[in-house]
Amino acid sequence: KKPSFVHNNNLPTTVVWIEEAEDGFVDEDENLEKGEVCLKVLKAFANPGGRFLSAGALVKRPSSSVCDAWIADALPEDDSQAIVGPNLVFKGARQILDALFLFHLQQNNNSDDETSIIGALQTFVLQCG
């Protein structure tokens, strides 16, 4: 006889979402090199309590069409946030990366020309910190 598995619908579901980061989250003097331009900054959170998981930014290099997508884990503000596991952090980072990549593709979609799509792919670089 095969064991039966019971699905418990009473377990809380963890939801991960992303939001635009507040103004000044990426400090131009401290976080950017000379000539870099920050195009988009996002943060990922999870319930309960809107725990901050990770952040990411799309940064255009100086005098170039290349954009770096920077992704980093959030540092826990207190012991209650240290409980967040790596799977949740990864989920948040993945959502941020997806959103930054889509934003980059939309910014570089000048036409239906195949070369513009290839160019957009070639100018997106993932950085982890």
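Above this note sits the structure.
What comes next is a walk through the structure. (Residues numbered from 1 in each chain as written. Predicted model: local features only at pLDDT ≥ 70, side-chain atom pairs only at ≥ 80, totals over all residues. Heavy atoms only, no water.)

## Things to note about the packing of aromatic side chains
Phase 1 of the analysis: A complete count under the given rule lists four aromatic pairs for this structure.
Phase 2 of the analysis: Geometrically, the ring pair formed by Trp17 and Phe45 is stacked, given 6.0 Å between the ring centres and 25° between the ring planes. Highlighted residues: Trp17 in strand 1 (residues 16-20) and Phe45 in strand 2 (residues 37-46), separated in sequence by 28 residues.
Phase 3 of the analysis: Using a relative accessible area of 28% as the deciding quantity, one classes Trp17 as partly exposed.
Phase 4 of the analysis: Among the residues examined, Phe45 registers a relative accessible area of 14% and is labelled buried.
Phase 5 of the analysis: With centroids separated by 6.4 Å and ring planes inclined at 80°, the aromatic side chains of Phe25 and Phe52 adopt a geometry described as edge-to-face. Taken as a pair, Phe25 in the loop between strand 1 and helix 1 (28-31) and Phe52 in strand 3 (residues 51-60) lie far apart in primary sequence, 27 residues in all.
Phase 6 of the analysis: A relative accessible area of 30% means that Phe25 is categorised as partly exposed.
Phase 7 of the analysis: The rings of Trp17, Phe25, Phe45 and Phe52 are connected pair by pair, giving a single aromatic cluster. (Phe/Tyr/Trp six-rings, centres within 6.5 Å; stacked < 30°, edge-to-face > 60°. Helix = DSSP H or I, 4+ residues; strand = E, 2+ residues; numbered from the N terminus. Buried < 20%, exposed > 50% of the residue type's maximum accessible area, 1.4 Å probe, protein only.)

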